[in-house]
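Summary of the model geometry
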Amino acid sequence: MRGPRGVALVVPRVLSAAVARRAWTLVGLLGLAFALRALAGLLVEVISKDGTVYATNGAHLAAGRFSEGLASFFPPGYPIFIALASFVAPSPEAAGKVVSLLLGTLGLLPLYLLTRRLAGSAAALAACLAYAVHPAAVRYGGEVLSEATYITLLLTGCVAALAAVLEARRPAALLLGGVAAAAYLVRPEGLGLVVMGVLGALLPWGGRRRAAMPRRLAAASCVLISFLVVAGPYLLYLRSLSGGWTLSQKLGATVAVGLMKQRGSSGALLHERAATLMQREEIRGFNTARFVLRNLPLFLKKAASDIVVLLRYFLEALYAPFVLLAALGVLAQWRASPSRGDAVRTAGAAAPGGAAEAALLSVPWRERNASLFMLLLLAFYLLAFSFLLTHRRYMVPLAMLALPWAGRGWIAARDWLARRAWLQRRGAALPWAAAIMAGFVIASSLPAALHLRREEKVVLKEAGRWLRAQPLPPGSVMTNMPRIAFYAGRPSLRLPLASYGEVVQAARAAGARLLVVDTAEQAMRETEFAAAAAAKLPLLRHFPRPSPEHPQRAILIFLLE
């Protein structure tokens, strides 16, 4: 039997070996995440609609045209990253993919820290495996979209929030405010971290280390001060632009569009009204809070109906295998009593590094408080989005916040498998069970993660590049397909719902030199573009774009003389 001196010598060695194994496993998962996202970037051949705005704004910022780069309704955070990456990338599109690839991969690190705080190191590695192969995380890690960047900032903010909120640590509160400001500059919903950080810091969380009210007030103040220091210049810019205090140009448009949707506007008319609202800049100086209060009954009705839709979108974004694991993880966490949790940790000391692992894990009440805060954060975001514009993409970052419970569920399922007699007879039941669970996660995720090709969209890239190669006079492109204008290297103007004559008149008045239409769109039918031939508007090119619903579908490019 070892004496105290022997234990003091052995435990650091065991701890070092366990930490080294976890570190190398984490490095391997980072490599897997990077490889899958790099492959996704190669498979996604055509930029998204929003990606054209981000890449264009990033190009403006990189060229020093700051007024043009900040003029969009989209926040400036992601374009700023694109502008920085443009110095090493060959094009704005490539720069956007580099940003999503790198920051999307690095999101695995704050997820590890977050899950370790909630459920321990083993569950943290399992959650990182889930993140590395998660279909939505892989997809957005290869897209010119802000989701991958925002997910990393959101996870980092949650790590800081647990220390700032539950323990009222001022350095963590300062970090939370700064990260929340960066997240807000990437996507407006980053403000949720500030709201929950301030409110959470003021609450008297249970446990043996409950912070006093002055300390909690100091932590809440640090969150606000740090946020204002980082985000203040952009807030001042918005004030100079609109003449009043506002948090986001996009937020007001999103709220207004959400209300139009509740009133029952058709899809095409809804987007047309939104586009008209943005083009005319009627939303600038828009008081979102006053607008909501003025239409409060309608917004309450919208929230009640949309919360169910959002829950469905959330589960879809989380992906079915991880929904099952997350449900199992929540059940395992809330069924475990403090005494049972201590017993589990004591039993874990029998494994290599188990004693050190038991010492590193937090006590049950801290785990409970951390999980409760994360659940409140998710509930806050779901409720907030129910008042805004309901969209599947908005749920993807929230789904990543559920991966810590999926990691805990992974461990629970692994332990259940390890107790089966058929595995016990093989020896080393725990590694076999872990291998089975890892195989299940990877096999169920990779096919969906790498199903990213957009063959039907490639024609948009071809049309844009064809236009770029033609000796045509400079000018904008009026179209509902901004990707064509992006690849043509020309500014894009939205095609309005109007008669043919009104469209041509509006295009010429706006300085457009090209008119690009899709014969399958509702706008094409309503504006009677068949009259273009009779009006002798020169047709430059006809790009076939057949689909099962529209076998004669095509893209038509007209020259406005």
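These numbers come from a predicted model, not from an experiment.

**Things to note about the packing of aromatic side chains**
On inspection of all chains with the given rule, the structure shows twelve aromatic pairs. Where Y234 meets Y237, the ring centres are 6.2 Å apart and the plane angle is 25°; that geometry is what we call stacked. Residue Y234 and its partner Y237 are located together in helix α12 (residues 213–242), separated by three residues, close to a single helical turn. Judged by centre distance (5.3 Å) and plane angle (75°), the rings of F486 and Y487 are edge-to-face. Y487 matches F486 in its accessibility class, with the two residues each being buried. Three or more aromatic residues link up through ring pairs in this structure, and these residues are Y184, F227, Y234 and Y237.

**A closer look at the sheet that holds strand β1 (residues 476–479)**
Taken in spatial order, the five strands make up an open sheet running β2-β1-β3-β5-β4, and their pairing is mixed. In this open sheet, the two strands that pair with only one neighbour each are β2 (492–494) and β4 (539–544). With direction set aside, neighbouring strand axes in the sheet form an average angle of 20°. Against the sheet, helix α25 (residues 458–469) touches β3 (512–518), β4 and β5 (554–559), its axis set at about 155° to β4. Seen against the sheet, helix α27 (residues 500–509) touches β1 and β3 and runs at an angle of roughly 140° to β3.

**As for the nonpolar core**
Ranked by size, the top nonpolar core spans 123 residues in total, and within it Y184, M374, M395, L398 and L401 carry the most contacts. Beyond its immediate sequence surroundings of up to four residues, L401 is in contact with L154, L155, C158, M374, L377 and L378.

**Describing the confidence of the model for the protein chain**
On average, residues of the protein chain score 82 in pLDDT, and 80% of them are at 70 or above. Here residues 265–285 is a poorly scored stretch, pLDDT under 50, and it has 34 contacts once near neighbours within four places are set aside; other chains count. Long-range and interchain partners of residues 337–363, a stretch whose pLDDT sits below 50, account for 28 contacts in this model, where long-range means more than four residues apart.

**Things to note about the environment of A181**
Note that A181 resides in helix α10 (residues 170–186). Along the backbone, A181 and L193 are twelve residues apart, and their C-alpha atoms lie at a distance of 8.8 Å. Sequence-distant contacts of A181, that is, excluding residues within four places in its chain, are made with F227, V230 and A231.

**Considering the packing of α10 against helix α11 (residues 191–202)**
Look at α10 against α11: their axes get within 7 Å of each other, and the N-to-C directions meet at 150°. Viewed along their axes, α10 and α11 adopt a mutual orientation that is roughly antiparallel. Residue-level contacts link L176, A180, A183 and Y184 of α10 to L191, L193, V194 and G197 of α11. Looking at the contact of α10 with α11 residue by residue, the classes come out as seven nonpolar, one polar and no charged.

Rules used throughout
Residues numbered from 1 in each chain as written. Predicted model: local features only at pLDDT ≥ 70, side-chain atom pairs only at ≥ 80, totals over all residues. Heavy atoms only, no water. Phe/Tyr/Trp six-rings, centres within 6.5 Å; stacked < 30°, edge-to-face > 60°. Helix = DSSP H or I, 4+ residues; strand = E, 2+ residues; numbered from the N terminus. Buried < 20%, exposed > 50% of the residue type's maximum accessible area, 1.4 Å probe, protein only. Pairing = 2+ DSSP bridges. Axes fitted to C-alpha atoms, helices over the stretch in contact; angles between N-to-C directions. Contact = heavy atoms within 4.5 Å. Core = buried A, V, L, I, M, F, W, Y, C linked by side-chain atoms within 4.5 Å. pLDDT = per-residue confidence, 0-100. Parallel < 35°, antiparallel > 145°, perpendicular 65-115°, else oblique. Nonpolar A, V, L, I, M, F, W, Y, C, P; charged D, E, K, R; others polar.

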